[in-house]
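A structural walkthrough
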Amino acid sequence: MTAELDSPAAPGAAGPGTGGSGRPGRARSSGGLGRYILIRFLLIIPTVLILMTMVFFLMRITGDPITAALGGRLTPDQLAERRAEAGYDRPLIVQYFDYLGGVLRGDFGTAYTDNTPVTQILTTYGGATFELVAYAVVVALVAGVPLGMIAARTRDRWPDAVLRIVAILGYATPVFFVGLLLKLVFSVGLGWLPVAGRISTRGELTMGSILNPTPFYLLDAIRLGRMDVLADVLSHALLPAIALGVLTGGIFLRLVRTNMIGTLEMQYIDSARSRGVAESRLTTRHALRPALIPIVTVMGMQIAMMLGGAVLTETTFEWNGLGYMLAEYMKARDYVAVQGIVMTLAVIVAVSNFIVDVVAALIDPRVRY
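Residues numbered from 1 in each chain as written. Predicted model: local features only at pLDDT ≥ 70, side-chain atom pairs only at ≥ 80, totals over all residues. Heavy atoms only, no water.

When you go through the protein residue by residue, the secondary structure sums to 16 helices and zero strands. Counting all 369 residues of the protein, 40% fall into the buried class. Restricting to contacts in the protein with at least 6 residues of sequence separation, those with at least 24 account for 71%. Summing over all exposed atoms, the protein offers an accessible surface of approximately 20400 Å²; the carbon and sulfur share of this is 65%. (Helix = DSSP H or I, 4+ residues; strand = E, 2+ residues; numbered from the N terminus. Buried < 20%, exposed > 50% of the residue type's maximum accessible area, 1.4 Å probe, protein only. Contact = heavy atoms within 4.5 Å. Areas by Shrake-Rupley, 256 points an atom, 1.4 Å probe, with all protein chains shown as cover.)

Here's what the structure looks like:
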């Protein structure tokens, strides 16, 4: 009897959690992945709701926009009448649920300062911010990944030390300072690149001939087929993209360096090196891919940082995107516009983190547990 109890199960026998198939790993992994994706997706809702609630109540601590804009020019009775018309005299909780109901209906309200629907603000300026972040991601990858590879291959030598200092300066220097320095050197000093804006006046007039224009100047320039307009768009985007991409590029450099050093010390790399495989091939073909996995896992956080940095970058370079408009509406204490823009940015960050988490779970199943 003891021998029977202690004997291993026969091949193919059903065990606990196998469902009779003898393959518990696949069923558990599939179920774990689906549950993980569902939980991560549902977490988007409370994340956005909490941020929207915080912005709603914190904005009102500073006072209402009518008093800020018209105080001193109207009598107290006239101010009270204007506040009543806008609904700012009602209890805050009533205003909150009224705003929340409008959001659920897809109505983000109308900006008080310029009487523009918030949805129109988002569609008009959202493309500019998306385009700037895309440029910055390209700069971060192009700069961070190759420099991280060089730092790993020259570990503990002078190129590695220099690149580590560059990486620290990259993610420690404020975005607005980098932007001002780039403008001072390349725009004011050398005169090579434009100081501000997304396109020149001549280029904007030329782009006006496009039927059904998109919010993305680069795409419209390609559709137009004019190399001079394309060069105009890219020259205006270069400095803002570098200013915003330097921060993330420094982080990518450190991540690639650290993970490539760990990979280059593994046994299979030593085996390949002993067979005479070139060091450059070991770096690019065998060690690079594992080093890129951490970049994927932190990409969601970096997008959030870039959107935060976009406010300063767009203000520095007068890049008319959501970040620039957010700063302008905050100065005017325009509750409705600020709430709509912040909530949109929160949704973008939450969805980006969700996508990155799913990709990370597919790459490394250990993320789900």
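Attention now goes to the pattern of salt bridges. What the rule picks out here adds up to six salt bridges. Among the ionic pairs, E131 bridges to R198, the shortest N-O distance being 2.6 Å. Note that E131 is positioned in helix α7 (residues 118-153) and R198 in the loop between α9 (175-189) and α10 (201-207), a separation of 67 residues in sequence. We note that E131, like R198, is buried. A salt bridge links R257 to D160, with the shortest nitrogen-to-oxygen separation between them at 2.7 Å. A residue pair is termed long-range when its members are at least 10 positions apart, and R257 in helix α12 (residues 227-264) and D160 in helix α8 (residues 158-172) qualify at 97 residues. D160 carries the same exposure label as R257, and that label is buried. (Salt bridge = Lys/Arg side-chain N within 4 Å of Asp/Glu carboxyl O.)

Mapped onto the elements, H236 comes out in helix α12. Those residues in contact with H236 that sit more than four places away from it in its chain are P194, A196, G197, R198, I199, S200 and W319.

On to the packing of aromatic side chains. Tallied over the full model, the rule gives eight aromatic pairs. When the ring of F186 is compared with that of W192, the centres are 6.2 Å apart and the planes differ by 45°; the resulting orientation is tilted. The exposure class assigned to F186 is partly exposed, which follows from its relative accessible area of 27%. In this structure W192 comes out as exposed when scored by relative accessible area, which is 61%. Every member of this aromatic cluster is reached through a ring pair, and the members are F56, F57, Y96, F97 and Y99. We note R198 situated over the ring of Y217; from NZ or CZ to the ring centre the distance is 3.8 Å. (Phe/Tyr/Trp six-rings, centres within 6.5 Å; stacked < 30°, edge-to-face > 60°. Lys NZ or Arg CZ within 6 Å of the ring centre and 35° of its normal.)

This paragraph deals with the packing of α7 against α12. Between α7 and α12, the shortest axis-to-axis distance is 4 Å and the interhelical angle comes to 35°. The two elements α7 and α12 meet at a crossing, and its hand is right-handed. Class assignment for the residues of the contact of α7 with α12 results in 23 nonpolar, five polar and one charged. (Axes fitted to C-alpha atoms, helices over the stretch in contact; angles between N-to-C directions. Left-handed = near helix turned anticlockwise from the far one by under 90°. Nonpolar A, V, L, I, M, F, W, Y, C, P; charged D, E, K, R; others polar.)

This brings us to the confidence of the model for the protein. The pLDDT averaged across the protein works out to 77; a share of 85% of its residues lies at or above 70. Within the protein, no element has a lower average pLDDT than helix α1 (residues 2-6), which sits at 40, and none a higher one than α9, at 87. (pLDDT = per-residue confidence, 0-100.)

Moving on, we get to a nonpolar patch on the surface. On the surface, F176, F177, L180, L181, L184, V185, V188, L190, W192 and L312 cluster together into a nonpolar patch covering about 990 Å² of accessible area. Tallying contributions element by element places α9 first for the nonpolar patch, with seven residues. Looking at the secondary structure, you find F176 in helix α9. Among the residues examined, F176 registers a relative accessible area of 39% and is labelled partly exposed. (Patch = residues over 30% accessible without salt bridge, like charges linked within 9 Å, V, L, I, M, F, W, Y side chains within 5 Å.)

Attention now moves to the environment of L288. Topologically, L288 is positioned in helix α14 (residues 279-317). Residue L288 is classed as buried on the basis of its relative accessible area of 17%. In the structure, L288 is positioned 139 residues away from M149 in sequence and 7.7 Å away in space, judged by C-alpha atoms.

Next up on the list: unusual backbone geometry. Of note in this structure, E318 is not a glycine but carries a positive phi near 50°. Among the secondary structure elements, E318 is positioned in the loop between α14 and α15 (322-331). Overall, the relative accessible area of 47% leaves E318 in the partly exposed class.

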